[in-house]
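Residue-level listing of the chains:
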Amino acid sequence: MYQVIIFALLFAGISSGFITFRIMGMRMAPHFGVLILALIATAANIMSGNVTLNYIAVALQILTGISAYTQFLPVLRDSFQTAPLYACHLSTVTVAAVLAAASVPL
């Protein structure tokens, strides 16, 4: 159930991330790459239901949230006036990372 919601959040993160990617340039390329890999792994996980693939998808989803902050923080230090543009994307990938951590079966 969580993985379907995370898939929707990552898909929304692609569009909001593309807007920020166009504004910031190639500085966001590592985060955008991880976001696309997480989306592909999540789709494969939903279709197959494999436990190993679930852990790979969750790891990529959490890495997406981490990479967003590591890529955005240096930019926000330099140009704080554009910070509201990135709030949508940061909140989307943060919720996806939190739900990914919650979706891991214990």
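Procedures and definitions
Residues numbered from 1 in each chain as written. Predicted model: local features only at pLDDT ≥ 70, side-chain atom pairs only at ≥ 80, totals over all residues. Heavy atoms only, no water. Helix = DSSP H or I, 4+ residues; strand = E, 2+ residues; numbered from the N terminus. Expected span 1.5 Å × (residues − 1). Contact = heavy atoms within 4.5 Å. Axes fitted to C-alpha atoms, helices over the stretch in contact; angles between N-to-C directions. Parallel < 35°, antiparallel > 145°, perpendicular 65-115°, else oblique. Left-handed = near helix turned anticlockwise from the far one by under 90°. Nonpolar A, V, L, I, M, F, W, Y, C, P; charged D, E, K, R; others polar. Phe/Tyr/Trp six-rings, centres within 6.5 Å; stacked < 30°, edge-to-face > 60°. Core = buried A, V, L, I, M, F, W, Y, C linked by side-chain atoms within 4.5 Å. Buried < 20%, exposed > 50% of the residue type's maximum accessible area, 1.4 Å probe, protein only.

Participant: Explain helix α4 (residues 83-102) to me, please; I cannot follow it from the model alone.
Facilitator: Counting along an α-helix, one turn takes 3.6 residues, and residues three or four places apart therefore face a common direction. Taking 1.5 Å of rise per residue, 20 residues should cover 28 Å, and α4 covers 28 Å from first to last C-alpha, within 8% of that figure. As for α4, its buried residues are in contact with α1 (2-24), α2 (29-48) and α3 (51-78).

Participant: Can you help me understand the packing of α1 against α4 in this one?
Facilitator: The relative placement of two packed helices is expressed as an angle between their axes plus a distance between the axes. For the pair α1 and α4, interaxial distance at closest approach is 8 Å and the crossing angle is 150 degrees. For the element pair α1 / α4, the angle class is roughly antiparallel. In this structure, α1 crosses over α4, and the sense of that crossing is left-handed. Residue-level contacts link Y2, I5, I6, L9, L10, G13, S16, G17, T20, I23 and M24 of α1 to L85, Y86, C88, H89, T92, V95, A96, L99, A100 and A102 of α4. The residue inventory of the contact of α1 with α4, partitioned by class, reads 15 nonpolar, 6 polar and no charged.

Participant: In this structure, what is going on with the packing of aromatic side chains? I would like to understand it.
Facilitator: Geometrically, a pair of aromatic rings is defined through the distance of the ring centres and the angle of the planes. Counted under the stated rule, the structure contains 1 aromatic pair. Their ring planes at 20 degrees and their centres at 6.4 Å tell us that F7 and F11 sit as a pair that is stacked. Residue F7 and its partner F11 are located together in helix α1, separated by 4 residues, close to a single helical turn.

Participant: In this structure, what is going on with the nonpolar core? I would like to understand it.
Facilitator: One broad trend across soluble globular proteins is that nonpolar side chains are buried collectively. Membership of the largest hydrophobic core comes to 24 residues, with the highest contact counts inside it found for I6, L10, M24, F72 and Y86. For this core, the secondary-structure elements that each account for two or more residues are α1, α2, α3 and α4. Setting aside its immediate chain neighbours within four residues, L10 contacts L35, A38, L39, T42, Q61, T64 and A96.

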